[in-house]
Amino acid sequence: MRIAHDNISPVTQAYQSEFIDLCVRHGVLRFGSFTLKSGRESPYFFNAGLFNTGDAIAAVGHAYAAALAASDLDFDMLFGPAYKGIPLVTITAAALAEGHARNVAFAFNRKEAKEHGEGGNIVGAPLKGRVLIVDDVITAGTAIRESIDIIQAAGATPAGVLLALDRQERASGSEFSAVQEVRSQYHIPVISVVNLADLMHHVSNLGRADELSSMRVYRERYGLAD
């Protein structure tokens, strides 16, 4: 397997640069040495749960909406898997309406079905048409697979997945990333606001040679083939 060593794709869109800056300011994206749930030692850590103020989550919505607009993906409504997907799908729908004149319905799920009132495990608009899933990252892909099952059970069609970050690294025990596995298994696109190459470009622009070297070593060990 051959790994891309020096190809650091430039951040060409303003919304991507602004999103990385936002992540760093709020501590969502940190550089250093971190042990992931997989046991891997990563030179960076991403925690979307730290988008916990009004201005931060509003900016996230603008970035998600901009990435979606740039993708030209065809979809009818949005779905956010509990729990992190709930604020993300809500703010993305608001940003699409505010900044892109696109008023779309959205929904999210409960972890446990409600037995009283309206009942069920879906909150928001009925799932129908082409449904785009909105989440932060894909790690094992469990939440995405559960979302696809929910969408299909409602008679709707999964249109794709919209993420904050694509780590562009192989899943444990696989030659493919979790993103690639979702794409190949369900034949749907996965769009991300930024990816590992974008983060490396950001670090390179800052002249942080040690951190860039660590990220290159990490990509060499766990990154995807060309």
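Look up: the structure comes first, before these words.
Novice: Explain the overall build of the chain here, please?
Specialist: Secondary structure summary: the chain contains seven helices and eight strands in total. The C-alpha atoms of the chain give 18 Å as radius of gyration, which agrees with the globular expectation for 226 residues (17 Å, within 12%). A principal-axis box enclosing the C-alpha atoms of the chain has dimensions of 55 × 35 × 30 Å. Looking at the chain as a whole, 49% of its 226 residues are labelled buried. Sequence separation of 24 or more characterises 71% of the internal contacts of the chain that already satisfy a separation of 6 or more. Summing over all exposed atoms, the chain offers an accessible surface of approximately 11,000 Å²; the carbon and sulfur share of this is 50%.

Novice: Please explain helix α1 (residues 14-25) as it appears in this structure.
Specialist: Every α-helix winds through 3.6 residues per turn, so residues three or four apart in the chain are directed the same way. Between its first and last C-alpha atoms α1 spans 17 Å; for twelve residues at 1.5 Å apiece the expected length is 16 Å, and the two agree. Of the residues making up α1, those classed as buried are Y15, Q16, F19, I20, L22 and C23. Buried residues in α1, looked at end-on, bunch into an arc of 160 degrees, giving them a common side. Facing away from the buried side of α1, by more than 90 degrees, are the exposed residues A14, E18 and R25. In this structure, the buried residues of α1 make contact with β1 (29-35), β2 (41-46), α2 (54-71), β7 (157-166), β8 (190-195) and α6 (196-205). Looking at the residues trailing α1, positive phi occurs at G27, about 75 degrees.

Novice: How do you make sense of the side chain of D166 when you look at a structure like this?
Specialist: Mapping D166 onto the fold places it in strand β7. At 4.7 Å, R183 is the nearest oppositely charged side chain to D166, a buried residue that forms no salt bridge. A polar atom in the side chain of D166 sits 2.9 Å from the backbone nitrogen of Q168.

Novice: Even after reading the chapter, I still don't get the environment of S42, so can you show me in this structure?
Specialist: Within the secondary structure layout, S42 lies in strand β2. The buried category is assigned to S42, whose relative accessible area is 2%. Other than its neighbours up to four places away in sequence, S42 contacts G32, S33, F34, L36, R167 and Y218. Separated by 2.6 Å, the side chain of S42 and the backbone oxygen of Y44 make a polar contact.

Novice: Got a minute to help me understand the packing of aromatic side chains in this structure?
Specialist: The description of an aromatic ring pair uses the distance of the two centres, along with the angle that the planes make with each other. Summed over the entire model, instances satisfying the criterion amount to three aromatic pairs. Above the ring of F75, the side-chain terminus of R102 is found at 4.4 Å from the ring centroid.

Novice: Help me out: how do you make sense of helix α5 (residues 178-186) in this one?
Specialist: Every buried residue belonging to α5 is among A178, V179 and V182, and all of these are buried. Buried residues of α5 fall within an arc of 110 degrees about the axis and therefore sit on the same side. Tucked into the core, α5 has its buried residues touching α4 (142-153), β7 and β8. Directly after α5, the chain includes H187, whose backbone phi takes a positive value near 55 degrees.

Novice: Can you walk me through the environment of L29 in this structure?
Specialist: Here L29 shows up in strand β1. Excluding residues within four positions of it along the chain, L29 makes contact with I20, C23, V24, Y44, F45 and L199.

Novice: What's the story with the pattern of salt bridges in this structure? I'm lost.
Specialist: Side chains that differ in sign of charge can pair as their charged atoms come close. For the coordinates displayed, the defined rule picks out six salt bridges. Taking the shortest distance from any N to any O, the salt bridge between D136 and K84 comes out at 3.6 Å. Taken together, the residues D136 in the loop between β6 (130-134) and α4 and K84 in the loop between β3 (77-80) and α3 (85-100) connect sequence positions 52 residues apart. The exposure class assigned to K84 is partly exposed, which follows from its relative accessible area of 39%. Ionic contacts of the salt-bridge type, sharing partners, join the residues R40, R167 and E169 into one network.

Rules used in this analysis
- Residues numbered from 1 in each chain as written.
- Predicted model: local features only at pLDDT ≥ 70, side-chain atom pairs only at ≥ 80, totals over all residues.
- Heavy atoms only, no water.
- Helix = DSSP H or I, 4+ residues; strand = E, 2+ residues; numbered from the N terminus.
- Rg over C-alpha atoms; globule rule 2.2 N^0.38 Å.
- Buried < 20%, exposed > 50% of the residue type's maximum accessible area, 1.4 Å probe, protein only.
- Contact = heavy atoms within 4.5 Å.
- Areas by Shrake-Rupley, 256 points an atom, 1.4 Å probe, with all protein chains shown as cover.
- Expected span 1.5 Å × (residues − 1).
- Arc of directions from axis to C-beta.
- Lys, Arg positive; Asp, Glu negative; His and termini not counted.
- Salt bridge = Lys/Arg side-chain N within 4 Å of Asp/Glu carboxyl O.
- Polar contact = N/O pair within 3.5 Å; in protein donor to acceptor, adjacent residues only side chain to side chain.
- Phe/Tyr/Trp six-rings, centres within 6.5 Å; stacked < 30°, edge-to-face > 60°.
- Lys NZ or Arg CZ within 6 Å of the ring centre and 35° of its normal.

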